[in-house]
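Chains, contacts and geometry: an overview
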Amino acid sequence: MLHALNELACDVAGGAEKALEAANYLLSCAACSPRPRARLHASGMRLQIGSDAAFHARPKARSRAGGYFYLGSGSSSQLNAPIFVLAKVTKGVMGSAAEAEAAATHMSAKEAIPARQCLGEVGWAQPPARARAGSAAAKGFASSTTKPKRSKAFGRQLWWL
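The structure reproduced in this document is the subject of the present report.

Rules behind the numbers
Residues numbered from 1 in each chain as written. Predicted model: local features only at pLDDT ≥ 70, side-chain atom pairs only at ≥ 80, totals over all residues. Heavy atoms only, no water. Helix = DSSP H or I, 4+ residues; strand = E, 2+ residues; numbered from the N terminus. Buried < 20%, exposed > 50% of the residue type's maximum accessible area, 1.4 Å probe, protein only. Contact = heavy atoms within 4.5 Å. Areas by Shrake-Rupley, 256 points an atom, 1.4 Å probe, with all protein chains shown as cover. Salt bridge = Lys/Arg side-chain N within 4 Å of Asp/Glu carboxyl O. Phe/Tyr/Trp six-rings, centres within 6.5 Å; stacked < 30°, edge-to-face > 60°. Pairing = 2+ DSSP bridges. Axes fitted to C-alpha atoms, helices over the stretch in contact; angles between N-to-C directions.

**Comments concerning the overall build of the chain**
Each helix and strand counted, the chain has four helices and four strands in total. Secondary structure elements of the chain, listed N to C terminal, follow the sequence α-α-β-β-β-α-β-α. The proportion of buried residues among the 161 residues of the chain is 31%. In the chain, the proportion of contacts linking residues at least 24 apart, taken out of those at least 6 apart, comes to 62%. Within the structure as shown, the chain displays about 10,100 Å² of accessible surface, and the carbon and sulfur contribution to it stands at 57%.

Right, dumping it as structure tokens:
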């Protein structure tokens, strides 16, 4: 629903018809799940991050980035209720879906820094966070197994990963 709210906020300036479409989409999502529930499971209190991107999903060739932050165990694939959800539009124009995925992973990793510090201050020291990327190309870029052509989008900002 955060992406639908983001669409609505972006489309208000574009005119009434686009804003009405976005509002109807948001309301239909809310109607499909009138009683949302979050299920919490006992876990190892380790910060887990999942990120994904939608390439050129916004006007002016912008991409959409999403991230899902939860506390889980290192080896478990079981999802816990989120502690934070990221839904943003990327600032730069991405040249490919792999660049959009890398940008989404970068945005999620930046948002994880304060969460890791907070968890450490309350007594849950965090090992290096594991970020799950949405594509093999983004995974290869982050783990340095793939050497992408150094384009403008993969410039200074994303090399931090």
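Resuming the write-up.
**Structural notes on the environment of Gln48**
Note that Gln48 resides in strand β1 (residues 46-58). C-alpha of Gln48 to C-alpha of Pro128: the two residues are 80 residues apart in sequence and 9.8 Å apart in space.

**What to know about the pattern of salt bridges**
Per the counting criterion, the structure on display carries one salt bridge. The residue Glu111 makes a salt bridge to Lys88 at a minimum N-O spacing of 3.2 Å. Residue Glu111 is located in helix α3 (residues 97-121), and its partner Lys88 is located in strand β3 (residues 82-89); the two are separated by 23 residues in the primary sequence. When its relative accessible area of 36% is taken as the criterion, Lys88 is described as partly exposed.

**Some thoughts on the packing of aromatic side chains**
As enumerated under the stated definition, the model contains two aromatic pairs in all. Relative to Tyr70, the ring of Tyr68 lies with its centre 5.6 Å away and its plane at 50 degrees, an arrangement referred to as tilted. Of the residues examined, Tyr68 reaches a relative accessible area of 27% and is grouped as partly exposed. On the basis of relative accessible area, Tyr70 is assigned to the buried category, the value being 4%. Ring centres of Phe69 and Phe84 lie 5.2 Å apart, and the angle between their planes is 65 degrees; this geometry places the pair in the edge-to-face category. Here Phe69 is found in strand β2 (residues 62-72), whereas its partner Phe84 is found in strand β3, with 15 residues between them in sequence. The buried category is assigned to Phe69, whose relative accessible area is 1%.

**Topic: the sheet that holds β3**
Read across the open sheet, the four strands follow the order β3-β2-β1-β4; overall the sheet is mixed. A single partner strand is all that each edge strand has here, and the edge strands are β3 and β4 (130-132). Ignoring strand direction, the axes of neighbouring strands in this sheet form an average angle of 15 degrees. The pairing of β2 with β3 spans seven bridges and is classified as antiparallel. What sits directly across from Ala65, in β3, is Lys88. Along the sheet face, α3 touches β1, β2, β3 and β4 and points at about 145 degrees away from the line of β1.

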